[in-house]
Amino acid sequence: MAASPKTLRTCSQGHRYYKSTDCPTCPVCEQQAAPDSAFLSLLSAPARRALEHNGITSLQQLSTYSEKEILKFHGMGPASLPKLRAALQESGLSFKG
């Protein structure tokens, strides 16, 4: 299976980048938006965006969801759960039972 050809794109901020998928996310903007600290910095960009899109930006907010609910978010995969569990545990929290 051959790789799709990459096309040159320009985002609304003026960044130029090449992509081979239909994903509209600018990698330059995404890197600049990445958090420097906190539990969100432990996650991949799709998993971080999934939480942010659903209004979850703190461990307190995360603790109001079950693991099953979190996995239903588009972009969230099972590989992120151990990182989220550990971050919650360090703060004395856990996923909703």
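Above this note sits the structure.
Residues numbered from 1 in each chain as written. Predicted model: local features only at pLDDT ≥ 70, side-chain atom pairs only at ≥ 80, totals over all residues. Heavy atoms only, no water.

**Side note on the nonpolar core**
Our working rule: The definition of a nonpolar core used throughout is a set of buried Ala, Val, Leu, Ile, Met, Phe, Trp, Tyr and Cys residues joined through side-chain atoms within 4.5 Å. A simple rule labels every residue: compare its accessible area, found with a 1.4 Å probe on the protein chains alone, to the largest value its type can have, and call it buried under 20%, exposed over 50%, or partly exposed in between. Where helices and strands are cited, they refer to DSSP runs of H or I of at least four residues and of E of at least two residues respectively, numbered from the N terminus.
The biggest cluster of nonpolar side chains holds 17 residues, and the ones touching the most others in it are Phe39, Leu51, Leu62, Ile70, Met76 and Leu84. At the level of elements, helix H2 (45–53), helix H3 (59–62) and helix H5 (81–90) are the ones that each hand at least two residues to this core. It is H5 that contributes the most residues to this core, 4 residues altogether.

**Overview of the pairing of strand E2 (residues 16–19)**
Going by this rule: A pair of strands is treated as paired once DSSP finds two or more bridges between them.
Going residue by residue along E2, you find Tyr17 and Lys19 tucked away on one face and Arg16 and Tyr18 left uncovered on the opposite face. The pairing of strand E1 (residues 7–10) with E2 spans 4 bridges and is classified as antiparallel. In the sheet register, Thr10 faces E2, and the bridge partner there is Arg16. Hairpin connection of E1 to E2: 5 residues between the antiparallel strands, including Gly14 at a positive phi of 95 degrees.

**Examining H2**
What counts, and what does not: It is the directions from the helix axis to the C-beta atoms whose arc is reported.
The complete set of buried residues in H2 reads Ala47, Arg48, Ala50 and Leu51. When H2 is viewed along its axis, its buried side chains cluster within an angular range of 155 degrees and face the same direction. Positive backbone phi, at 75 degrees, marks Gly55, one or two positions downstream of H2.

**Points about the packing of aromatic side chains**
For clarity, the threshold we go by: Between rings of Phe, Tyr and Trp, where Trp is taken as its six-membered ring, a pair exists when centres lie within 6.5 Å; planes separated by under 30 degrees are stacked, by over 60 edge-to-face, and by other angles tilted.
Enumeration according to the criterion identifies 1 aromatic pair in this entry. With a centroid separation of 5.8 Å and 75 degrees between ring planes, the pair formed by Tyr65 and Phe73 is classed as edge-to-face.

**What about H5?**
Buried within H5 we find Leu81, Leu84, Ala87 and Leu88. Within H5, the buried residues cover an arc of 130 degrees as seen down the axis, which keeps them to one side. Those residues of H5 that are exposed and angled more than 90 degrees off the buried face are Gln89 and Glu90. Within two residues after H5, Gly92 carries a phi angle of roughly 75 degrees, on the positive side.

**Observations regarding the pattern of salt bridges**
Heads up, the condition is: Salt bridges are defined as contacts in which a side-chain nitrogen from Lys or Arg sits within 4 Å of a carboxyl oxygen from Asp or Glu.
Across all of its chains, the model carries 3 salt bridges by this definition. Between Arg85 and Glu67 there is a salt bridge, with its nearest N and O atoms 2.8 Å apart. Residue Arg85 is located in helix H5, and its partner Glu67 is located in helix H4 (residues 67–71); the two are separated by 18 residues in the primary sequence. Residue Glu67 is classed as partly exposed on the basis of its relative accessible area, which comes to 26%.

**Side note on the side chain of Lys19**
Going by this rule: Polar contact is defined as a pair of N or O atoms within 3.5 Å, subject to the rule that within protein one atom must be able to donate a hydrogen and the other to accept it, and that residues adjacent in sequence are counted only when both atoms are side-chain atoms. Throughout, a residue-residue contact means that at least one pair of heavy atoms, one from each residue, lies within 4.5 Å.
Counting through the fold element by element, Lys19 comes out in strand E2. Residue Lys19 is classed as buried on the basis of its relative accessible area, which comes to 16%. Polar side-chain contacts of Lys19 include one of 2.6 Å to the backbone oxygen of Thr25. Those residues in contact with Lys19 that lie beyond four places of it in its chain are Pro5, Lys6, Thr7, Arg9, Thr25 and Pro27.

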